[in-house]
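Each chain is listed here by its residues.
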Amino acid sequence: MSITMPSAAVEGIQLTVTPFRADAVIGTIGLPALLQLVPSPKLEEDKRAMKFSPGAMRRHAEIRSLVQRTLKSTQKGRNVAGYARYIASGINGDFGSGWSTPPITLWLAGEPGAVSEELVPGSGIRKITLLAGSPVVAIDGETQVTALHELYDDPEQYGTTHEALGAVRLPFELYWGLGVEDARQIFYDRNVEGVPVAKNLAMSMDQRDFGTQLAHRIAEAVKVENDGKMIPFSKLVQSRKRQLTKADPELLTLSALRVLVVTTIYGRAGLGQSSSTIRSTDLPTGVTAEQIERRVVPLLSALLSHLYPQLAARSAASAPAVLAGIGIAAHQATDWATAGIPLTETDLLNLLSGIRWEREARYWDGIAASANAAGVLNFGGGAKDSGGRVADAVLYPDTESGRKIRGQ
């Protein structure tokens, strides 16, 4: 007696997707399914582990190497643990709704095992089936995939659980039927063609960053007269651009104000912190966030009120490098400054009062800016390049640079 064989139903990972071109779809996928579909890039770079891995994983590692950068001993690899902590905090609800990870771009080196008819006529929505062992590579978002593997391998280390991770769904786009050259091109386009956000501007958008929080509070605390009306200084702070033009009504960028805050907190060490996220655990030793806020907000509020006429005149006082130097000087008026000359708020304002703020080479060339042959100043060097020189000129009036910015 013979038994009828089952129909040749395609088995594998089924995804509900919407096409946006003939060879590409978008959708969401559960975290465990994604990790089953895309092996750990970190594991695939472990030559010893690969030696004893199944053939399918070794083939996957070979295909991945054709279109992806290495993780080992690179900044990309060093970012993995921090990314895993960020994702875990988001999943645990630590950030509320204020967190996000980008969609993962996947490439299937082949074709789907099956594609269904439209689930809803006219919608384009279909189910596709990816065969077990299909070589699916993350050509964009691989650091995120690696971080997700780290999380799932040891959730307790990151303060989460397999149950919480099992409920996570991730957005993706999937391309198939492309050659290696096209997959490489997509990798290039995603990583190069887009205009990257300047780090300082990105930092000024980080609402969990302590420096950004204080910058917002200070801008709201200061009240100034503008066109005959008293308004909060925040109305004159540009938060969407890194640089101002002459046509902009704002007087400062938020990133420049943040530099002033950060150097006030850290002193000269703040120049290196200007493009780094500041958490409560990163503050100077022996001082709390509350103590810093109680001192820095009123101190910089008084300082901005003092400088407002110069800022309104768009003088050198508004340049990020100059604000960085002023912040280093303001650090000497904090309770936690451990080196240099202690200052009171009055001392600080007196040091600033004698400075010539005009954007002229005779005052600022070689200190906060460089002048061309025609004597036109360029303040483009930035806080890290010039902040220390400005601080020395502000703090030490009897030095050559101190006399120069005071017109002596």
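Just so it is clear, the structure is predicted and the values come from calculations on it, not from any experiment.

The rules behind these values
- Residues numbered from 1 in each chain as written.
- Predicted model: local features only at pLDDT ≥ 70, side-chain atom pairs only at ≥ 80, totals over all residues.
- Heavy atoms only, no water.
- Pairing = 2+ DSSP bridges.
- Helix = DSSP H or I, 4+ residues; strand = E, 2+ residues; numbered from the N terminus.
- Contact = heavy atoms within 4.5 Å.
- Axes fitted to C-alpha atoms, helices over the stretch in contact; angles between N-to-C directions.
- Parallel < 35°, antiparallel > 145°, perpendicular 65-115°, else oblique.
- Left-handed = near helix turned anticlockwise from the far one by under 90°.
- Core = buried A, V, L, I, M, F, W, Y, C linked by side-chain atoms within 4.5 Å.
- Buried < 20%, exposed > 50% of the residue type's maximum accessible area, 1.4 Å probe, protein only.
- Expected span 1.5 Å × (residues − 1).
- Arc of directions from axis to C-beta.
- Salt bridge = Lys/Arg side-chain N within 4 Å of Asp/Glu carboxyl O.
- Nonpolar A, V, L, I, M, F, W, Y, C, P; charged D, E, K, R; others polar.
- pLDDT = per-residue confidence, 0-100.
- Patch = residues over 30% accessible without salt bridge, like charges linked within 9 Å, V, L, I, M, F, W, Y side chains within 5 Å.
- Areas by Shrake-Rupley, 256 points an atom, 1.4 Å probe, with all protein chains shown as cover.
- Lys, Arg positive; Asp, Glu negative; His and termini not counted.
- Charge placed at Lys NZ, Arg CZ, Asp CG, Glu CD.

Novice: For the pairing of strand S9 (residues 229-232), give the residues involved together with the corresponding values.
Specialist: Pairing of strand S8 (residues 223-226) with S9, which is carried by four bridges, proceeds in the antiparallel orientation. The partner of Val-224 across the bridge, within S9, is Ile-231. Between the end of S8 and the start of S9, which pair antiparallel, lie two residues, with Asp-227 showing a positive phi angle near 55 degrees.

Novice: So what about the sheet that holds strand S4 (residues 114-115)? Which residues, and what values?
Specialist: Here we have seven strands laid out as an open sheet, ordered S4-S5-S1-S2-S7-S3-S6, and mixed in their pairing. This sheet does not close on itself; its edge strands, each paired only once, are S4 and strand S6 (136-140). Alignment of strand S1 (residues 12-21) against strand S5 (residues 126-131), held across six bridges, turns out to be antiparallel. Looking at the pairing, Gly-12 lines up with Leu-131 of S5. With respect to the sheet, helix H8 (residues 180-193) is in contact with strand S3 (104-108), S6 and strand S7 (169-176), its orientation differing from that of S6 by roughly 35 degrees.

Novice: Before we move on, can you summarise the packing of helix H10 (residues 210-221) against helix H13 (residues 289-312) with the specific residues and values?
Specialist: The contact between H10 and H13 brings their axes to 9 Å, and the two run at 45 degrees. Taken together, the axis directions place H10 and H13 in an arrangement best described as oblique. Crossing angle aside, the handedness with which H10 passes H13 is right-handed. On the side of H10, the interface is formed by Phe-210, Leu-214, Arg-217, Ile-218 and Ala-221, while H13 contributes Ala-289, Ile-292, Glu-293, Val-296, Val-297, Leu-300, Ser-301 and Leu-304.

Novice: Explain the nonpolar core to me, using residue names and the numbers behind them.
Specialist: Phe-233, Ile-292, Val-322, Trp-357, Trp-364 and Phe-379 are the most contacted members of the largest nonpolar core, which has 63 residues in total. At the level of elements, H10, helix H11 (254-266), H13, helix H14 (320-331), helix H15 (345-353), helix H16 (361-364) and helix H17 (383-395) are the ones that each hand at least two residues to this core. Ranked by residue count, the leading element in this core is H13, at eleven residues. Sequence-distant contacts of Ile-292, defined by excluding residues within four places in its chain, comprise Phe-210, Leu-214, Ile-265, Leu-283, Pro-284, Val-287, Val-297 and Trp-336.

Novice: Go over unusual backbone geometry, please, and point to the residues and values.
Specialist: Of note, Asp-227 is a non-glycine position whose phi angle comes to about 55 degrees, a positive value. In this structure Asp-227 comes out as exposed when scored by relative accessible area, which is 76%. One non-glycine residue, Arg-314, adopts positive backbone phi at about 55 degrees. Structurally, Arg-314 is set in the loop between H13 and H14.

Novice: Go over H8 with me, naming the residues and quoting the values.
Specialist: Structurally, the α-helix is built with 3.6 residues per turn, so residues lying three or four positions apart point the same way. For H8, spanning 14 residues, the distance from its first C-alpha to its last is 19 Å, which sits close to the expected 20 Å at 1.5 Å a residue. For H8, the set of buried residues is Ala-183, Ile-186 and Phe-187. End-on, the buried residues of H8 take up no more than an arc of 100 degrees, which puts them together on one face. Every exposed residue of H8 that faces more than 90 degrees away from the buried side is listed here: Glu-181 and Glu-193. Looking at the buried positions of H8, the neighbouring elements they touch are helix H4 (55-67), S3, S6 and S7.

Novice: Could you give me a rundown of the pattern of salt bridges, with the residues and numbers involved?
Specialist: All chains considered together, the criterion is met by eleven salt bridges. Across the salt bridge formed by Glu-45 and Arg-64, the nearest N and O atoms sit 2.9 Å from each other. Of this pair, Glu-45 sits in the loop between helix H2 (41-44) and helix H3 (47-51) while Arg-64 sits in helix H4; the two residues are 19 residues apart in sequence, bridging distant segments of the chain. By the burial criterion, Glu-45 is buried, and Arg-64 matches it. The shortest N-O distance in the salt bridge between Glu-142 and Arg-64 comes to 2.6 Å. Of this pair, Glu-142 sits in helix H6 (residues 142-153) while Arg-64 sits in helix H4, and the two are 78 residues apart along the sequence.

Novice: Let's hear about H11: which residues, and what values?
Specialist: Between its first and last C-alpha, H11 extends 18 Å over 13 residues, near the 18 Å set by a 1.5 Å rise per residue. Note on H11: the residue one or two positions beyond its end, Gly-267, has a positive phi of about 70 degrees.

Novice: Break down the packing of H11 against H13 for me, with residues and values.
Specialist: Relative to each other, H11 and H13 sit at 130 degrees, their axes nearing to 11 Å. The angle between H11 and H13 places the two elements in the oblique class. H13 is crossed by H11, and the crossing has right-handed handedness. Packed against H11, whose contacting residues are Leu-257, Leu-260, Val-261, Thr-264 and Ile-265, the element H13 presents Ile-292, Val-296, Leu-299, Leu-300 and Leu-304 at the interface. Taken together, the residues of the contact of H11 with H13 sort by class into nine nonpolar, one polar and no charged.

Novice: An account of the confidence of the model for the protein is requested, with residue identities and associated values reported.
Specialist: Looking at the protein as a whole, the pLDDT averages 88, with 95% of positions reaching at least 70. Ranking the helices and strands of the protein by mean pLDDT puts S7 first, with 96, and helix H9 (residues 199-205) last, with 62.

Novice: Please provide a residue-by-residue account of the side chain of Thr-129, values included.
Specialist: Relative to the helices and strands, Thr-129 is located in strand S5. For Thr-129, a relative accessible area of 4% corresponds to the buried category. With residues near it in sequence (within four places) discarded, Thr-129 still touches Val-10, Glu-11, Gly-12, Ile-13, Gln-14, Pro-112, Gly-113 and Ala-114.

Novice: Describe a negative patch on the surface, naming the residues involved and giving the relevant values.
Specialist: Where like charges cluster on the molecular surface, the negative patch consists of Asp-153, Asp-154, Glu-156 and Glu-163. With respect to the element layout, Asp-154 can be found in the loop between H6 and helix H7 (162-166).

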